[in-house]
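Reading the structure
Residues per chain are reported as follows:
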Amino acid sequence: MNVKKLLIEPLRKTNPVTVLVLGICSCLAVTAKLKPALVMGASVTIVTAFSNLIISLLRKGIPSRIRIIVQLVVVATFVILIDQFLKAFAYDVSKQLSVYVGLIITNCIIMGRLEAFALSHGPGESFLDGLGNGLGYSLILIIVAFFRELLGSGTLLGYQVIPQSFYEAGYQNNGLMILPPMALIVVGIIIWIQRTRHPEMQENDKK
Amino acid sequence: MEYLNLFIKSVFVDNMIFAYFLGMCSYLAVSKTVKTSAGLGLAVTFVLVVTVPVNYLINKYLLSPGALAWINPNWASIDLSFLTYILFIAIIAAIVQILEMIIETFTPSLYSALGIFLPLIAVNCAILGCSLFMQERNFSNVGEAAVFGLGSGIGWLLAIVAIAAIREKLRYSKIPKGLEGVGISFIITGLMGIAFMAFMGFKL
């Protein structure tokens, strides 16, 4: 069992967001500020890791015709746990995330890992794979949120980072970065940088 | 008139893709040609029109706080809203399955057109997202929920057909190597999103 490979690969070479293009929906809506992005990343990591573990334990008993429904039920159970936990201990973040916590259920990363990995591998490996992919997703989320919060509101985690003297000298926050469409453009640029550095990932649309 | 307002608002102002980023996965994966993306868009609209009103009724008569009072007045204090996710997703999966069977028996031509897309729709974020937004907004009757579902579906259809048309043209243009494929689709979607923001704040 190659622990390092399972954990590290999804951060770079097989990153679920930039390479496999999974789980974009929730990734973009929660990244205007760093704090909700951190919470979202942690929630998705937990759900992916544990539902991978459970499905991997059950994999021999699930008839393949109804496996999607079984998977959805397992994932939904974990999401309900996370949602209740957030409502109890971090109510303001849970309000900011609104429906996107519930949408973890239909996050393609989770279904994708369950289908592609957990159904054919042992529980230990599946757990690590889920953890790795969750972290890969969180990594992109944090990068995007970092730039959007820094350039859009001049703060990080709510603390002011850009010195007041800059504002006095005429610097202004870029309001465009707060708007949702900029998240897409930031992810597009991340993909561009990554693919320029690793030419083997480039795809050829022309053919 | 109110229905018309709600419809236009959910197509343009609250567009599922450009305002909420729901259903992005299939939006990026299936938008290579206009024909297939129109098929998927139709299927999504169809499923939304059925699932949103059904989930509205489930929410109103089973899940929201005090909703069980119509069965037995003593149950008025029960609040089942923590079951929302699991029930909504189970209902969506079931309805997609039933729809698939109905379409297969009665209109085989539509079935072969939608074909592979139908089962995939159960895990499309736009479907669950639309139901969750419906719950958040407290619509006053089933009609409004149905119109909201229809509008969101049409908005999604418009968005995916538009990007597919642009991507078909893109094949003949010069794009930096690293941006080809997914990268450029992201940036185009972002730009389209900014264009759609012009509708923001419209009061009809």
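Here's a quick rundown of the structure. Small disclaimer: the values here were computed from a predicted structure and weren't measured. (Residues numbered from 1 in each chain as written. Chains lettered and ligands numbered in written order. Predicted model: local features only at pLDDT ≥ 70, side-chain atom pairs only at ≥ 80, totals over all residues. Heavy atoms only, no water.)

A closer look at the overall build of chain B
- A tally of regular secondary structure across chain B gives 10 helices and zero strands.
- Sequence-ordered secondary structure for chain B, helices as α and strands as β, is α-α-α-α-α-α-α-α-α-α.
- With the C-alpha coordinates of chain B rotated into their principal frame, the extents come out at 70 × 45 × 35 Å.
- Evaluated residue by residue, chain B yields a buried proportion of 50% over its 204 residues.
- When contacts within chain B are restricted to residue pairs at least 6 apart in sequence, long-range pairs at least 24 apart make up 75% of them.
- Per element, the accessible surface of chain B, about 9200 Å² overall, is 71% carbon and sulfur.
- Between the mean site of the 11 positive side-chain charges and the mean site of the 9 negative ones, chain B shows a separation of 14 Å. (Helix = DSSP H or I, 4+ residues; strand = E, 2+ residues; numbered from the N terminus. Buried < 20%, exposed > 50% of the residue type's maximum accessible area, 1.4 Å probe, protein only. Contact = heavy atoms within 4.5 Å. Areas by Shrake-Rupley, 256 points an atom, 1.4 Å probe, with all protein chains shown as cover. Lys, Arg positive; Asp, Glu negative; His and termini not counted. Charge placed at Lys NZ, Arg CZ, Asp CG, Glu CD.)

Considerations on the layout of surface pockets
- Roughly 720 Å³ of internal volume is contained in the second largest pocket.
- In terms of lining residues, the second largest pocket is bounded by 25 residues, among which K87 of chain A together with S81, T84, Q135 and E136 of chain B are the most central.
- Put simply, the parts of the chain that give the lining of the second largest pocket at least two residues each are α4 (67-89), α5 (91-97) and α6 (99-102) of chain A together with α4 (34-63), α5 (84-106) and α8 (125-137) of chain B.
- Its residues placed into classes, the lining of the second largest pocket shows 11 nonpolar, nine polar and five charged. (1 Å grid on protein atoms, 1.4 Å probe; cavity = no way out; pocket = protein on both sides within 12 Å on 5 of 7 lines; lining within 4 Å. Points joined across faces, edges and corners; volume = space filled by probe spheres on them. Nonpolar A, V, L, I, M, F, W, Y, C, P; charged D, E, K, R; others polar.)

Comments concerning the nonpolar core
- Grouped together as the largest cluster of nonpolar side chains are 108 residues, with contacts concentrated most on M40 and Y100 of chain A together with L22, M24, Y27, W156 and F186 of chain B.
- Not counting residues within four places of it along the chain, the set of residues in contact with L22 of chain B comprises C25, Y100 and L103 of chain A together with M16, I17, C125, A126, G129, F133 and W156 of chain B. (Core = buried A, V, L, I, M, F, W, Y, C linked by side-chain atoms within 4.5 Å.)

Quick word on the pattern of salt bridges
- For the coordinates displayed, the defined rule picks out five salt bridges over all chains.
- The partner of R113 of chain A in a salt bridge is D129 of chain A, and the shortest N-O contact between them spans 3.0 Å. Taken as a pair, R113 of chain A in helix α7 (residues 108-116) and D129 of chain A in helix α8 (residues 123-153) lie far apart in primary sequence, 16 residues in all. Per residue, the accessibility class of R113 of chain A equals that of D129 of chain A, and both read buried.
- Two residues, D14 of chain B and K9 of chain B, come together in a salt bridge whose shortest N-O distance is 3.8 Å.
- Residues joined by salt bridges that share partners form a network here, namely K9, D14 and R137 of chain B. (Salt bridge = Lys/Arg side-chain N within 4 Å of Asp/Glu carboxyl O.)

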